[in-house]
Amino acid sequence: MKTILKGSHTKTPSELELKNRALARKAAAEGFVLLENDGTLPLKEKRIALYGSGARMTVKGGTGSGAVRERYSVTIAEGLEAAGYEITTGKWLDRFDKFYADTYESYRLEQEKRVEGIREFYKILRMITPFEHPTGVPVTREDVENSDCDTAVYVLARQAGEGNDREDKQGDYRLDDVEKENLEMVSKSYRNLVVVINAGGVIDVSFLDTLHVSALVYFVQGGEEGGNALADVLSGRTNFSGKLATSWAYRFEDLPSNTTYSYLGKDKYNQEYKEGIYVGYRFFDTFGVKPRYAFGYGCSYTTFDIAFKAAELEKGAVKIHVNAQNTGGVSGKEVIQLYVSVPFGTGAEKQRLIAFAKTKELQPGERQELMLYVPMKELACYEEDRAVWMLRSGGYLLRLGNASNRNVPVAVLTLKKEAVLEQCENICPPLHPIEEIQPPKRQEEAVGEIPVLVLDDYLPEMITHQYKTPEESDPLADEMTAEQLVRLAVGAGTSAKGLQVEAMGASGSTTQKLYEELGIPNVILSDGPAGLNLTSQVVEMPDGSTKAAKVAETLESYKRYLFGSSRVALMSQMAEPADGIVHYQYATAWPCSQLLAQTFDTELLETVGDGVGAEMEAFGITVWLAPGMNIHRNPLCGRTFEYYSEDPLVSGKMAAAVVKGVQKHPGKGMSVKHFAANNCELERNMSSSNMTERTLRELYLRGFEIAVKEAAPMTVMAAYNKINGVYCTNNYDLLGKVLRNEWGFEGMVMSDWDAMKADRADCTRPASGDIQKAHASQCDLVMPGRDDQVEALLAGIQSGVVKREDLKRSAARIMKIIRANTIIGLNEARQQSGWGT
């Protein structure tokens, strides 16, 4: 059959592209957080001085799997100018542009020299050091005088991405000397100073303690419309309504993992989770350490009153009714947050988030009633000794507010006798004792006259989980030969030819090699969390083959991100647009996941998912390799921007919303990742995340559980790392007991890219999971796929290490996705290949 290559044939933006562009702008604006404001914002003065590394070189998204090749991106400078602001510091910006270009060219030449003579693509990738985003050039007295205005906007920028963690050093977590001196200069030289932080993670803002700063805005990474969206909120066209989904410490040293995280620990191959469940606000609130900015915090141009109305019980759940009223002078939205203090027992956090809701746009004086629904599992703790999720006897204090440090007690739930909600089995035992920090004894709290509700008569039925090897069958898979089963269970590779469906630039595909034998077509899987990562222009040649179009944007991308033989090889395979039919694959670069989480708006995220699902239909993508759901354990994680929050409830709810939006589209699905506890990039292929079972279940699995149960994602991606010494791709406790037996997941599990070796003695590749153990461990699809992996599985079948029944089960799950595919249905493909239906 002729390869199906979708995408638009017209160069102008499609209606879908324009629609998603507007949605991306709205989503970014709703996620920006206003951290400080003395009244300078909204900006009334139209002449402004603009400085900082992110002004023109705005970081719209991260590197690695989080990258997107969109049609255009709006920088902060462009957005402000489009909104009618006159930027008076063009000469400073020009100087920085030249400095940036010179710095990058020096970096590029250094990398070319580093990989000279190397031919293997992935080896080149591993040898490349990340480009450090230049921080700036000095702001001079002449710059200030020539700017001739009273207001300065300074944009601090940081870049990060897959494969490397950030560092606690100047120019990264901390400001460097140029930034400090520039901020001091502009702070004393302008009446108003607005600082914008364009970074996919927290940075040190101790300059606030010594300098006058009128306003502070957390921009994160705003996607392709970030510059316009920022202008919307700075001008007051849109009100700020974002809230922090991750706490900000006063000092890095205040964090409980400040000496154990990533490269800071004693052993880079063992990440010790000694802080246990006490991450983010759970640590700050429990141990009495004041954060600079609390979880859930964010300012607005208006004010709100949040009033508790009533609480009611139903079997297995609590309902809290709330009134929210805009008490200020302009319209806006508020995020209602409900926390609980569970009985302390053998140890517990001071409070945990158990529900949240965002209001509609409320006009001044307008009121809205909301209902917060709390399943009783949100009140539970996991007890390792008995392997149970349980409700402790005692009082559960409910707290209502708009931040973790801005809430008040509104009701008490009491339980006379402890209750077991779920009987489980123990999983992932630690290889050595984990010396966790211990919380201080909780002080009694005077709460006044508030309602008391007794839970005992409303408890849900206890669940006793049954553990058995999940079964799955498919009539085609049942009849496959051993080699056909293996082919289906291993991806098509990174440069597969002869695909039945193609989307150039996508991360991977299921095998194309069963089409002639069985009429089974491939399906396409595409990165990444910020949008579909595809080659923007593809030339379909007269012979049906495809090549990347030799156009300026692609050439520049290859020059910027590829080095040595890998760049030469790809550039040699390009074609002129006039050589064939051009297919345009411009996908939307959405605000990063962290910024989307800061909206606290699940309806908005479902709409974003719907927009991505429509693009998947347009470009022929079956699985979007997102969302990233790992917990923000420490701000130095290189992929913080790809993940939602430090809180598992926020992570789970946001992921579920996006999955629902995408999967409204028949045959389209998502791959929630990285399952699980992949919380740093350092030696991710070899490191073990070592923690107690309670920590694993309550913090690092809980968000995944919410997403799986509420949205039923098509696939789950098993992470690179180990948990307590066992690779996630080989971890039956994780993939079998928890994911399938406890949570009821019925979809397909895939490995992360190159997460499994064919030969355990192969030292040319990073250590990773054992492919011969994958399918018995419930990991179904090995990605991206290589011939040596196929050979290893076939050898495993011959030796008896790999069981045919395990491969048949995995094949059936892969076939379920292929059968659901709407690009080319299985029956249609089999008819075209001569196999019938």
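Let me begin by describing the structure that accompanies this report. Model, not experiment: these values are computed from the prediction.

### As for the pairing of strand 18 (residues 419-423)
So, step 1. Examined bridge by bridge, strand 15 (residues 388-391) and strand 18 share four bridges and lie antiparallel to one another. Across the sheet, residue Val-388 finds its bridge partner in strand 18, namely Gln-423.
So, step 2. Pairing between strand 18 and strand 20 (residues 463-464): two bridges, direction parallel. Residue pairing for strand 20: Glu-422 is matched across the bridge by Ile-463.

### Topic: the packing of aromatic side chains
So, step 1. Tallied over the entire structure, the rule returns 28 aromatic pairs.
So, step 2. Between Lys-46 and the ring centre of Tyr-85, over which it is positioned, the NZ or CZ distance is 4.1 Å.
So, step 3. Taking NZ or CZ as reference, Arg-633 lies 3.8 Å from the ring centre of Tyr-273, over its face.

### Focus: the state of the cysteines
So, step 1. According to the stated counting rule, one finds zero disulfides in the structure shown.
So, step 2. Of the cysteine sulfurs around Cys-424, a residue in no disulfide, the closest is that of Cys-428, at 12 Å.

### Observations regarding the packing of helix 12 (residues 552-561) against helix 13 (residues 564-572)
So, step 1. As a packed pair, helix 12 and helix 13 sit with axes 9 Å apart at the nearest point and diverge in direction by 165°. One way to sum up the angle between helix 12 and helix 13 is to call them roughly antiparallel. The element helix 12 and its partner helix 13 pack so that their crossing is right-handed. Residues Leu-555, Tyr-558 and Lys-559 of helix 12 form the contact with helix 13, whose own contacting residues are Arg-567, Leu-570 and Met-571.
So, step 2. Residues of the contact of helix 12 with helix 13, tallied by class, amount to four nonpolar, no polar and two charged.

### Digging into the sheet that holds strand 24 (residues 537-540)
Sheet strands line up and pair through hydrogen bonds in the backbone, either parallel or antiparallel.
So, step 1. The sheet built from three strands is open, its strands ordered 25-24-26 with antiparallel pairing. Only two strands of the sheet have a single partner each, and these edge strands are strand 25 (546-548) and strand 26 (581-584). Here the average twist between neighbouring strands, direction ignored, is 30°.
So, step 2. Both strand 24 and strand 25 contribute to a ladder of three bridges, which runs antiparallel. The partner of Glu-540 across the bridge, within strand 25, is Thr-546.

### Remarks on the pairing of strand 24
So, step 1. The two faces of strand 24 match: Gln-537 and Val-539 on one face and Val-538 and Glu-540 on the other face are all buried.
So, step 2. One ladder, built from four bridges, connects strand 24 with strand 26; its direction is antiparallel. Each residue of the ladder has a partner; that of Val-539, found in strand 26, is Val-582.
So, step 3. In textbook terms, the turn of a hairpin is the stretch between consecutive antiparallel strands, and for strand 24 and strand 25 this stretch comprises five residues, one of which, Gly-544, has a positive phi near 90°.

### A word on helix 10 (residues 482-489)
So, step 1. For helix 10, every residue scored as buried is listed here: Gln-484, Leu-485, Val-486, Leu-488 and Ala-489.
So, step 2. Elements in contact with the buried residues of helix 10: helix 9 (475-478), helix 11 (515-518), helix 21 (787-799) and helix 22 (804-820).

### With respect to the pattern of salt bridges
So, step 1. Tallying each qualifying case throughout the model produces 69 salt bridges.
So, step 2. Between Glu-334 and Lys-243 there is a salt bridge; the shortest N-O distance is 2.9 Å. Of this pair, Glu-334 sits in the loop between strand 10 (317-326) and strand 11 (335-341) while Lys-243 sits in the loop between helix 7 (226-235) and strand 8 (270-272), placing them 91 residues apart in sequence. For the pair formed by Glu-334 and Lys-243, the shared burial category is buried.
So, step 3. Between Glu-710 and Lys-653 there is a salt bridge, with the nearest N and O atoms lying 2.7 Å from each other. With Glu-710 in helix 18 (residues 702-711) and Lys-653 in helix 16 (residues 648-662), this residue pair connects regions lying 57 residues apart in the sequence.
So, step 4. By relative accessible area, which is 36% here, Glu-710 ends up partly exposed.
So, step 5. We classify Lys-653 as partly exposed; its relative accessible area is 27%.
So, step 6. Counted as one network, the salt bridges with shared partners bring together Lys-377, Glu-378, Glu-422, Arg-702, Glu-705 and Lys-709.

### Some remarks on unusual backbone geometry
So, step 1. Following Lys-673, the chain continues into His-674 via a peptide bond in cis, with omega recorded as -10°.
So, step 2. Structurally, His-674 can be placed in strand 28 (residues 669-675).
So, step 3. For the peptide bond that leads from Met-783 to Pro-784, omega is 0°, which places it in the cis range.
So, step 4. Its identity is not glycine, yet Ala-677 carries a phi of approximately 60°, on the positive side.

### Comments concerning the environment of Gly-54
So, step 1. Among the structural elements, Gly-54 can be located in the loop between strand 3 (47-51) and helix 2 (76-82).
So, step 2. On the basis of relative accessibility, which here comes to 0%, the residue Gly-54 falls in the buried class.
So, step 3. In sequence terms Gly-54 and Asp-752 are 698 residues apart; their C-alpha atoms lie 32 Å from each other.
So, step 4. The residues contacting Gly-54, other than those within four sequence positions of it, are Ile-76, Val-155, Ala-157 and Asn-198.

### Some details on the layout of surface pockets
So, step 1. Size it by volume and the second largest pocket reaches roughly 940 Å³.
So, step 2. Taken together, 44 residues line the second largest pocket, and the ones lying closest to its centre are Phe-356, Tyr-373, Thr-602, Lys-653 and Glu-710.
So, step 3. Contributions of two or more residues to the lining of the second largest pocket are made by helix 1 (15-31), strand 12 (352-358), strand 13 (367-375), strand 18, helix 15 (602-619), helix 16 and helix 18.
So, step 4. Considering every element that reaches the lining of the second largest pocket, the biggest residue donor is strand 13, with six residues.

### So, the environment of Gly-265
So, step 1. Position of Gly-265 among the secondary structure elements: in the loop between helix 7 and strand 8.
So, step 2. In this structure Gly-265 comes out as partly exposed when scored by relative accessible area, which is 22%.
So, step 3. Those residues in contact with Gly-265 that lie beyond four places of it in its chain are Thr-259 and Thr-260.

### Section: the environment of Leu-696
So, step 1. Positionally, Leu-696 belongs in helix 17 (residues 693-700).
So, step 2. For the pair formed by Leu-696 and Ala-587, sequence separation is 109 residues and the distance between their alpha carbons is 36 Å.
So, step 3. Once residues within four sequence positions are removed from consideration, Leu-696 is found in contact with Ile-427, Cys-428, Met-691, Leu-701 and Ile-723.

### Section: the nonpolar core
So, step 1. Phe-675 and Met-750 are the most contacted members of the largest nonpolar core, which has 119 residues in total.
So, step 2. No other element matches helix 16, which puts nine residues into this core.
So, step 3. Every residue in contact with Phe-675, bar those within four places of it in the chain, is listed here: Leu-701, Phe-704, Val-716, Met-717, Ala-718, Ala-719, Cys-728, Leu-734, Leu-735, Leu-739 and Trp-743.
So, step 4. If you look at the next biggest cluster of nonpolar residues, it comprises 92 residues, including Trp-92, Val-155, Val-195 and Tyr-297.

### Some thoughts on the sheet that holds strand 2 (residues 33-37)
So, step 1. Strand order in the open sheet formed by six strands is 2-7-6-5-3-4, and the pairing between neighbours is mixed. Where the open sheet ends on each side, the last strands, each with one partner, are strand 2 and strand 4 (86-87).
So, step 2. In this structure, strand 5 (residues 151-157) lies alongside strand 6 (residues 192-198), joined through seven bridges in parallel fashion. Bridge assignment links Ala-157 to a residue of strand 6, and that residue is Asn-198.
So, step 3. Sitting on the sheet, helix 6 (residues 177-189) is in contact with strand 3, strand 5 and strand 6, with an inclination near 165° to strand 5.

What counts, and where the lines are drawn
- Residues numbered from 1 in each chain as written.
- Predicted model: local features only at pLDDT ≥ 70, side-chain atom pairs only at ≥ 80, totals over all residues.
- Heavy atoms only, no water.
- Pairing = 2+ DSSP bridges.
- Helix = DSSP H or I, 4+ residues; strand = E, 2+ residues; numbered from the N terminus.
- Phe/Tyr/Trp six-rings, centres within 6.5 Å; stacked < 30°, edge-to-face > 60°.
- Lys NZ or Arg CZ within 6 Å of the ring centre and 35° of its normal.
- Disulfide = S-S within 2.5 Å.
- Axes fitted to C-alpha atoms, helices over the stretch in contact; angles between N-to-C directions.
- Parallel < 35°, antiparallel > 145°, perpendicular 65-115°, else oblique.
- Left-handed = near helix turned anticlockwise from the far one by under 90°.
- Contact = heavy atoms within 4.5 Å.
- Nonpolar A, V, L, I, M, F, W, Y, C, P; charged D, E, K, R; others polar.
- Buried < 20%, exposed > 50% of the residue type's maximum accessible area, 1.4 Å probe, protein only.
- Salt bridge = Lys/Arg side-chain N within 4 Å of Asp/Glu carboxyl O.
- 1 Å grid on protein atoms, 1.4 Å probe; cavity = no way out; pocket = protein on both sides within 12 Å on 5 of 7 lines; lining within 4 Å.
- Points joined across faces, edges and corners; volume = space filled by probe spheres on them.
- Core = buried A, V, L, I, M, F, W, Y, C linked by side-chain atoms within 4.5 Å.

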